[in-house]
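# Summary of the model geometry
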Amino acid sequence: MRTLPTTAPAANTATTPPPATPPPAPAPAPAPATPARAEWPGHALLDSPETARVLHSAWSGDPATVVASPPGAGKTRLVALLAAALAHRAELRVGIAAQTRQQAVEIARRLAPITDLARLVWATKAPRPDTAGTPVVAGNALRLPPSGGGIVIATTARWLYTDPDTAGLDVMLIDESWQATYADVGALGAHAAQVVCVGDPGQIAPVVTGATGRWRTAPSGPHLPAPEALRAAHGDAIAEVRLPHTWRLGPATTTLIQPAFYPELPFTSRRPPEHLTDTAGTVLPELAHRLVAAPGGPGDPALITACAQRIGQLLTATHTDATGQRGMTAADLAVVCAHVTQAAAVRAMLAAHPDVLVGTANQLQGLERSAVVVLHPLAGYRDISTFAADTGRTCVMLSRHRTHLTVILDATTPQVLATTDPGVTGVRAQVALTNTLLGTPTC
């Protein structure tokens, strides 16, 4: 080993000539340009590790993939991007099964700006919907090209009486799959060797009118939500992805509903800051409540009036976000009720504001507005029924807003819950939720 001296020897300045000036160093070669990422339809799936995993699972041929999502996590966006990516990049023939015609139209609208391979199946005699450019075809005229990828959108009901050989699909994407039964998905499986179930596990369970007693204890009964039954029946063979963020709900709402409705799906809020201010300039809280005496039952006029009055107040509010300020309009607002009769009464009182969205939890499932007024599902009740205490319905009602939520509560509801058998399905969750809501500011 050569060891460097600790002290340099003295230089002989008399005999040693000065060192020559070194030639200038050559200019460094320019770094190669970084190639831009090719932007193909659906490439935005790669921006998130979770959505990239969904694409990988579907593209690699997993027979079944379940994607569990909290409210406002971008389920429809995921379905549209995944269909476009599989059709264009993998040249697969993709079917999309929506649970309602409204959902099918919304998917068609999302696909219009990113692909020309999609088409929506629609009844021949029904008025053509606005699909923003996605072609609309009749079911009897449905034919995909003989080669290359393609996308067909239809409701689950429409797919169930379509010949599986008509479209010859490679993969079926099932939107809002927790609203579909295991029997539905079993039938859809005849259309494609792969299924991808995307949905919200906190939503209202499928409505089944037939007798299901024989499967009461079966974890994979045909009447159960499709993803739950799939996992029970096939276990580790199911690829699972969980979306970890909501882009709709604010921090206060996330703290309210996540532990109550999604104990197995932890998620956080990624909603950008936004708020409402009233005419006095006071910032409205994300969550608020109003107590009303309702001795007349669920249809008590006091409950209906309280909903309409609160809408009137919110119409005078100002919305503020990163883009600036603007006044609230009727199209920014919604009222959610548990019963059709309640919704009809509220709609009648708001006849001067037809753009206010008014409906039941079932009707508004999947929709959102900036501010929402909720008529609590237990309001007016003196005996708690299974329907009133249903946690899926309550979850939908409390998760339709982005900026502000006002809950109209019956002043007697806490006492009714306190005297109800906690063994009744949903009562424990309703007690916790009601106590939390009573702790929010009054309005």
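Everything here concerns the structure above.
Criteria and cut-off values
Residues numbered from 1 in each chain as written. Predicted model: local features only at pLDDT ≥ 70, side-chain atom pairs only at ≥ 80, totals over all residues. Heavy atoms only, no water. Pairing = 2+ DSSP bridges. Helix = DSSP H or I, 4+ residues; strand = E, 2+ residues; numbered from the N terminus. Axes fitted to C-alpha atoms, helices over the stretch in contact; angles between N-to-C directions. Contact = heavy atoms within 4.5 Å. Core = buried A, V, L, I, M, F, W, Y, C linked by side-chain atoms within 4.5 Å. Buried < 20%, exposed > 50% of the residue type's maximum accessible area, 1.4 Å probe, protein only. Salt bridge = Lys/Arg side-chain N within 4 Å of Asp/Glu carboxyl O.

### Observations concerning the sheet that holds strand 17 (residues 369-375)
Strand order in the open sheet formed by 5 strands is 12-18-17-15-16, and the pairing between neighbours is parallel. Taken across any chain shown, the strands that pair with only one partner, and hence form the sheet edges, are strand 12 (287-292) and strand 16 (357-360). On average, adjacent strands in this sheet sit at an angle of 20 degrees to one another, irrespective of strand direction. Both strand 15 (residues 333-337) and strand 17 contribute to a ladder of 4 bridges, which runs parallel. Residue pairing for strand 17: V335 is matched across the bridge by V373. Its contacts with the sheet place helix 15 (residues 427-438) against strand 12 and strand 18 (401-410), and it is angled at close to 105 degrees to strand 18.

### Considerations on the sheet that holds strand 3 (residues 118-121)
Read from one edge of the open sheet, 8 strands run 4-3-5-2-6-7-1-8, paired in parallel fashion. With one partner strand each, in any of the chains shown, strand 4 (136-137) and strand 8 (239-242) form the two edges of the open sheet. As paired elements, strand 2 (residues 93-98) and strand 6 (residues 171-174) share 4 bridges and run parallel to each other. Directly across from A97, in strand 6, lies its bridge partner I174. Against the sheet, helix 1 (residues 49-59) makes contact with strand 1 (64-68), strand 7 (194-199) and strand 8, and its axis sits at roughly 160 degrees relative to strand 8, the strand it touches most. Here helix 3 (residues 101-111) sits on the sheet and contacts strand 2, strand 3 and strand 5 (150-155); the angle it forms with strand 5, its principal contact strand, is near 155 degrees.

### Observations regarding the nonpolar core
Core analysis: the biggest nonpolar cluster contains 52 residues, and W159, M172, I257 and L398 have the highest contact counts within it. In terms of nonpolar packing, the next biggest core, distinct from the first, is built from 40 residues, L55, A85, A108 and A118 among them.

### Considerations on the pattern of salt bridges
In total, this model carries 8 salt bridges according to the counting rule given. A salt bridge links E106 to R110; the nearest nitrogen and oxygen atoms lie 2.9 Å apart. Taken as a pair, E106 and R110 lie in helix 3 at a separation of 4 residues, close to a single helical turn. By relative accessible area, E106 is classed as partly exposed at 32%. Between R109 and D130 there is a salt bridge, with the nearest N and O atoms lying 3.0 Å from each other. You can see R109 sitting in helix 3 and its partner D130 sitting in the loop between strand 3 and strand 4, a full 21 residues away along the chain. Linked by salt bridges that have partners in common, R248, E368 and R402 make up one network.

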